[in-house]
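Okay, here's what each chain looks like letter by letter:
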Amino acid sequence: MTGFYGEHSKVFVSVDCIVFGFDHDKLKLLIGRRQMDPGRGEWSLYGGFVREDESLVEAANRVLFTLTGLKDIYMKQVGAFGAIDRDPGERVITVAYCALINVKDYDDELRKEHGVEWVSINELPHLYSDHNEMVRKAVTLLRRRISTEPLSFNLLPELFTLTQLQHVYEAILGEQIDKRNFRKRIKSIDFIEKTEHIDKLTSKRGAMLYRFNKNAYDQEPTFKL
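Just so it is clear, the structure is predicted and the values come from calculations on it, not from any experiment.

A. Here's a closer look at the overall build of the protein. On a plain count of helices and strands, the protein comes out with six helices and nine strands. A burial count over the protein gives 43% of its 225 residues as buried. Residue pairs at least 24 apart in sequence account for 65% of intrachain contacts in the protein once pairs closer than 6 positions are excluded. Accessible area for the protein stands at about 13,500 Å²; split by element, carbon and sulfur atoms hold 48% of it. A gap of 7 Å separates the mean positions of the 33 positive and 34 negative side-chain charges of the protein.

B. Main features of the environment of Phe212. In this structure, Phe212 sits in strand β9 (residues 207–212). We classify Phe212 as partly exposed; its relative accessible area is 23%. Through-space distance from the C-alpha of Phe212 to that of Phe153 is 6.8 Å; in sequence the pair is 59 residues apart. Other than its neighbours up to four places away in sequence, Phe212 contacts Pro150, Phe153, Glu158, Phe160, Phe191 and Tyr217.

C. Structural view of the environment of Gly174. Looking at the element boundaries, Gly174 is found in the loop between α4 (162–173) and α5 (179–186). Between the alpha carbons of Gly174 and Phe49 there is a distance of 33 Å; along the sequence they are 125 residues apart.

D. View of the nonpolar core. Among the nonpolar cores identified, the biggest contains 42 residues, and Ile18, Phe20, Leu29, Leu100, Leu142, Leu165 and Ile192 are the most heavily contacted of them. For this core, the secondary structure elements donating two or more residues are β1 (12–23), β2 (26–33), β5 (74–81), β6 (92–100), α3 (131–145), α4 and α5. Those residues in contact with Leu29 that lie beyond four places of it in its chain are Ile18, Val19, Phe20, Leu45, Glu117, Trp118, Val119, Ile121, Leu124 and Val135.

E. Representation of α4 in the model. The terminal C-alpha atoms of α4 lie 17 Å apart, and with twelve residues this matches the ideal 16 Å at 1.5 Å per residue to within 8%. Positive backbone phi, at 75°, marks Gly174, one or two positions downstream of α4.

F. Inspection of unusual backbone geometry at higher detail. Here the residue pair Asp37 and Pro38 is connected by a cis peptide bond, since its omega of -5° sits within 30 degrees of zero. Despite not being glycine, Asp25 shows a phi value in the positive range, around 65°. By secondary structure assignment, the location of Asp25 is in the loop between β1 and β2. Phi angles above zero are rare outside glycine, and Asp72 is one such case at about 55°. Note on placement: Asp72 falls in the loop between α1 (56–68) and β5. Relative accessible area serves as the criterion here: at 82%, Asp72 is assigned to the exposed category.

G. Summary view of the packing of α4 against α5. For the pair α4 and α5, the least separation of the axes is 11 Å and the interaxial angle reads 110°. Between α4 and α5, the angle falls in the class roughly perpendicular. From α4, Leu162, Thr163, Leu165, Gln166 and Tyr169 reach across to α5, where they touch Lys179, Phe182, Arg183 and Ile186. Here the contact of α4 with α5 is composed, by residue class, of five nonpolar, two polar and two charged.

H. Seen up close, α3. A rise of 1.5 Å per residue sets the reference length of α3, with its 15 residues, at 21 Å; its end C-alpha atoms lie 21 Å apart and thus fit the reference within 8%. Taken together, the buried residues of α3 touch β1, β2, β3 (43–44), β5, β6 and α4.

What counts as what
- Residues numbered from 1 in each chain as written.
- Predicted model: local features only at pLDDT ≥ 70, side-chain atom pairs only at ≥ 80, totals over all residues.
- Heavy atoms only, no water.
- Helix = DSSP H or I, 4+ residues; strand = E, 2+ residues; numbered from the N terminus.
- Buried < 20%, exposed > 50% of the residue type's maximum accessible area, 1.4 Å probe, protein only.
- Contact = heavy atoms within 4.5 Å.
- Areas by Shrake-Rupley, 256 points an atom, 1.4 Å probe, with all protein chains shown as cover.
- Lys, Arg positive; Asp, Glu negative; His and termini not counted.
- Charge placed at Lys NZ, Arg CZ, Asp CG, Glu CD.
- Core = buried A, V, L, I, M, F, W, Y, C linked by side-chain atoms within 4.5 Å.
- Expected span 1.5 Å × (residues − 1).
- Axes fitted to C-alpha atoms, helices over the stretch in contact; angles between N-to-C directions.
- Parallel < 35°, antiparallel > 145°, perpendicular 65-115°, else oblique.
- Nonpolar A, V, L, I, M, F, W, Y, C, P; charged D, E, K, R; others polar.

Here's what the structure looks like:
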């Protein structure tokens, strides 16, 4: 470190991770009881301070990996939060990141180790500091992007039914979608492939399973639903 900017006050920089999952037809969020002061015991997002030797994205990836044990997670920056009194301990500016994971990929023992729980976004308790605001902005970001980016596939297993896909859209948008129009549009999208596999667990009749073909999407990434 140099001696430059010594006349200026120092602030802490942190990252907070808004981790969404999809389970039982609901969009859910990973939250846990805060393990440090101030705010010990309050419901909170999972985060950490940015180290001197890492960028914001590196810090967010480190925190996400520590929490989930997963790499190559879909992640987008939601925004910076810097109200003077947002942290009663010190002046802390935080940058929030939104991540999407498949709940079934998350080792439940690791979840228990970190003391976090999946909670429906419609049943969220009051969270520490401005974390509820972060979640609201993250949901708004997802709602803006879901019709133009293939976000939903990050929340689903590799093979999924069209009903599961529709339920993801409905959970994020917070409203019901016309089934007939939805399926007609989905079946016209080249990178959503119908497979030869049949779902016999969640469908009595045996619904066909589909998959997201990333290679096909990368070749022609135009997407609008």
